[in-house]
Amino acid sequence: MAIDRVKASAILDGSVTSADLDTNIAIAGNLTVDTNTLHVDSANNRVGIGTTSPTYNVQVESVSTPQVAVIDTTNNVTNVVGADNNVGRIGTNSNHDLVFRTNNSEKMRLLSGGGLTFNGDTAAANALDDYEEGTWTPS
């Protein structure tokens, strides 16, 4: 069922009840919602949160600690990219490892308990987790 122009304009002004709506509704054109908060550019390529002129596909601007979170509610994993006190941050706010991948292959893993492993190794015993100091006398 298609929505005709009369119903589409009525939807935008709020005079249509839920009984008048089709379940397959698409909005064509630009969508801007409170440009002080969320902005979609005219080509529908970029989303700005806190900016009306996003440079990147998704751009979040804030005067303090801008962050983007990706949350897996099934496994209770929260991954965050952001900035805090002039420091860029990538991490997890949960007790899970942080994995870096390229070409669909694990290259590096920061273990949640501390330590760094490489190439898919997850054993804490093999992790780089500290350094040794001392003297060495060549012979």
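Fair warning: this is a prediction, and the values are worked out from it, not measured in the lab. Residue indices begin from 1 for each chain and proceed along its sequence in written order. With the structure being a predicted model, the display of local features is reserved for residues of pLDDT at least 70 and the display and counting of side-chain atom pairs for 80 or more, all residues being used for whole-chain, interface and lining totals. Side-chain figures throughout are based on the complete set of non-hydrogen atoms in the structure, without hydrogens or water.

How would you sum up the side chain of R109? Please name residues and give values.
Take R109: it is sitting in strand β9 (residues 105–110). Here the side chain of R109 touches D97 through a polar contact of 3.0 Å, side chain to side chain. Runs of H or I in DSSP of at least four residues are treated as helices and runs of E of at least two as strands, each being numbered from the N terminus. What qualifies as a polar contact is a pair of N or O atoms within 3.5 Å, subject to a donor-acceptor requirement within protein and to the restriction that residues adjacent in sequence count only when both atoms come from side chains.

Let's hear about the pattern of salt bridges: which residues, and what values?
Take a side-chain nitrogen of Lys or Arg and a carboxyl oxygen of Asp or Glu: if they are within 4 Å of each other, that pair is a salt bridge. A full pass over the atoms with the stated rule returns 2 salt bridges. Ionic pairing is found between R109 and D97, a salt bridge with its closest N-O pair at 3.0 Å. Taken together, the positions of R109 in strand β9 and D97 in the loop between β7 (87–92) and β8 (98–102) put the pair 12 residues apart, joining distant regions of the chain. Each residue is placed in one exposure class: buried if its accessible area under a 1.4 Å probe, protein chains only, is under 20% of its type's maximum, exposed if it is over 50%, and partly exposed if it falls in between. Assessed through its relative accessible area of 16%, R109 is described here as buried. Of the charged contacts, one joins R109 and E106 as a salt bridge, the two residues approaching to 2.7 Å between their closest N and O atoms. E106 matches R109 in its accessibility class, with the two residues each being buried.

Quick rundown of the sheet that holds β8? Include the residues and the values.
A pair of strands counts as paired when DSSP detects no fewer than two bridges linking them. The strand order β8-β9-β10 describes an open sheet built from 3 strands, whose pairing is antiparallel. Looking along the sheet, the strands with just one partner apiece sit at the ends: β8 and β10 (116–118). Going across the sheet, the axis of each strand differs from the next one's by a mean of 20°, ignoring polarity. Here 5 bridges tie β8 to β9, and the two strands are oriented antiparallel to one another. Within the sheet, the bridge partner assigned to T102 lies in β9 and is S105. Axes here refer to lines fitted to C-alpha atoms; in helices the fit is confined to the stretch in contact. Angles between the N-to-C directions go from 0 to 180 degrees.

Please set out a nonpolar patch on the surface residue by residue, giving values where relevant.
Exposure above 30% relative accessible area and no salt bridge define the residues that can form patches, which grow by joining like charges within 9 Å and nonpolar side chains of Val, Leu, Ile, Met, Phe, Trp and Tyr within 5 Å. A 1.4 Å probe and the Shrake-Rupley method give the accessible areas. Residues count as covered only by the protein chains that appear here. A cluster of nonpolar side chains, V68, V81 and I90, forms an exposed patch at the surface whose accessible area comes to about 270 Å². Inspection of the secondary structure puts V68 in strand β5 (residues 67–72).

So what's going on with a negative patch on the surface? Residues and values would help.
Counted charges follow a simple rule, with Lys and Arg positive, Asp and Glu negative, and His plus the chain ends left uncounted. The location of each charge is read from NZ of Lys, CZ of Arg, CG of Asp or CD of Glu. A cluster of like negative charges, contributed by D129, D130, E132 and E133, occupies part of the molecular surface. By the secondary structure assignment, D129 is in the segment after β10.

Talk me through the confidence of the model for the protein chain; I want residue IDs and the actual numbers.
Caution is warranted with low-pLDDT regions, since their predicted coordinates should not be read in detail. For every residue, the predictor assigns a confidence score, pLDDT, that lies between 0 and 100. Per-residue pLDDT for the protein chain has a mean of 78; in total, 74% of the residues score no lower than 70. When mean pLDDT is taken per element in the protein chain, β10 scores highest with 96 and helix α1 (residues 5–13) scores lowest with 47. Low pLDDT, under 50, characterises residues 1–11; the stretch is placed with 12 contacts to residues that sit more than four places away or in other chains. Contact definition: two residues touch when any of their heavy atoms are within 4.5 Å.

So, the pairing of β5: which residues are in play, and what are the values?
Both β5 and strand β6 (residues 77–84) contribute to a ladder of 6 bridges, which runs antiparallel. Bridging across to β6, Q67 finds its partner in G82. Connecting β5 to the next strand, β6, in antiparallel fashion are 4 residues, including N76 with a positive phi near 55°.

Tell me about the sheet that holds β5, and name the residues and values.
What the 3 strands build is an open sheet, ordered β5-β6-β7; its pairing is antiparallel. Whereas interior strands pair on both sides, the edge strands pair on one side only; in this sheet they are β5 and β7. Here the strands of the sheet are splayed against their neighbours by 5° on average, with no regard to which way each runs.

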